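Understanding the architecture of this molecule
Chain residues, written in single-letter form:
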Amino acid sequence: MTEWQQAEYEGQGYLLVEDALSADELDRVRRAFVEAAQVGALEDLPNQDDCFIHLVEHPNLFPIIHRILSDDVSLRSLAAVSVDPGAAGRGWQRKVASMLGVHHAASNLCLQLFVCLDDTPPDGGCLAVVPASHRFKAEVPFPDITYIEEMPHYLPLRLKAGSAAVLHGNLWQARTSNRADVALRLLEYTYVHSWMRQALPELSPQALETIYARDNLAHLFGVAAAPSYWTGKVKDYPSSDGLPQRRYSPLSSVGKGTEPNY
């Protein structure tokens, strides 16, 4: 994760990753999406095709996820959605709204990764955010609006096929209605810390075989044989304490004037 990406994520609460998937990867995932949709299994992706499992640790995306959430990053859920022509939007919300007792404006407990499988058409349903709203306190009310597009500072994220959006869990987000004549297909991966509850489907023997083949996947899916969920961490990445980075003056400086805060 570059310094520019870190500043962009911390300041805006989201990060766009263009061309995250190669052409071959995009084609494979699209075909797997169609097959899963045909059997009504868009919420059972790990048991449908291995490509959905491997995307959890994609080399163009997971290093960013890991840098933001820290070494104990874990997968909470993964699902797919098809925003069909004429589909209604999804109103403004925060992913962490139900997590009580946490000062989310200064925390980073949840991260969403959206992978776009189609070019977003001009009138198509798309993700929308309010930049920097991840720093809003919980008591800041949503404005009294009727339509999604009336939100102050509303920003639609019109992604290209194969691109991705990383969203802070406290960011105000929505999805606009689809007025185009084509569907928009999205994958949504939600990451949390390993000591938090997961919401994954029961994994089939075939899915578990794929997951157990790599230690990091076993950790991310919560099936690794770790002493406890407090100690589980991903391996083979530069160690990360997560973002935002906080540096403090040494305790010895307290009450003795000012020192540089670094």
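Let me begin by describing the structure that accompanies this report. (Residues numbered from 1 in each chain as written. Predicted model: local features only at pLDDT ≥ 70, side-chain atom pairs only at ≥ 80, totals over all residues. Heavy atoms only, no water.)

1. A closer look at the sheet that holds strand S2 (residues 73–83)
Strands pair in a sheet through their backbones, by hydrogen bonds, and they do so in one of two ways: parallel or antiparallel. Across the sheet, five strands lie side by side as S1-S7-S4-S9-S2; this open sheet has antiparallel pairing. The open sheet is flanked by strand S1 (14–17) and S2, the only strands paired with a single partner. Adjacent strand axes in the sheet meet at a mean angle of 15°, parallel and antiparallel pairs treated alike. Sheet topology note: the strand S4 (residues 111–116)/strand S9 (residues 184–193) ladder contains six bridges and is antiparallel. Paired with Leu111 across the two strands is Tyr191, which belongs to S9. Each of S1, S4 and strand S7 (164–168) touches helix H1 (residues 3–12); the most contacted strand, S1, lies at about 135° to it. (Pairing = 2+ DSSP bridges. Helix = DSSP H or I, 4+ residues; strand = E, 2+ residues; numbered from the N terminus. Axes fitted to C-alpha atoms, helices over the stretch in contact; angles between N-to-C directions. Contact = heavy atoms within 4.5 Å.)

2. Looking at the sheet that holds strand S8 (residues 173–175)
As summarised here, the arrangement of the four strands in space is S3-S8-S5-S6, forming an open sheet in which the pairing is antiparallel. Of all strands in the sheet, those with a lone pairing partner are strand S3 (90–93) and strand S6 (155–157), marking the two edges. For this sheet the average axis-to-axis angle between neighbouring strands, irrespective of direction, equals 20°. Where strand S5 (residues 127–129) meets S6, three bridges bridge the pair, whose relative direction is antiparallel. Bridge pairing in S6 places Ala128 opposite Pro156.

3. A word on the state of the cysteines
What is meant by a disulfide is a covalent connection between two cysteines, made through their sulfur atoms. Applying the stated criterion to the full structure yields zero disulfides. Unpaired in this structure, Cys126 has its nearest cysteine sulfur neighbour in Cys116, at a distance of 9.3 Å. Relative accessible area serves as the criterion here: at 0%, Cys126 is assigned to the buried category. (Disulfide = S-S within 2.5 Å. Buried < 20%, exposed > 50% of the residue type's maximum accessible area, 1.4 Å probe, protein only.)

Function-wise, these values are silent; they only describe arrangement.
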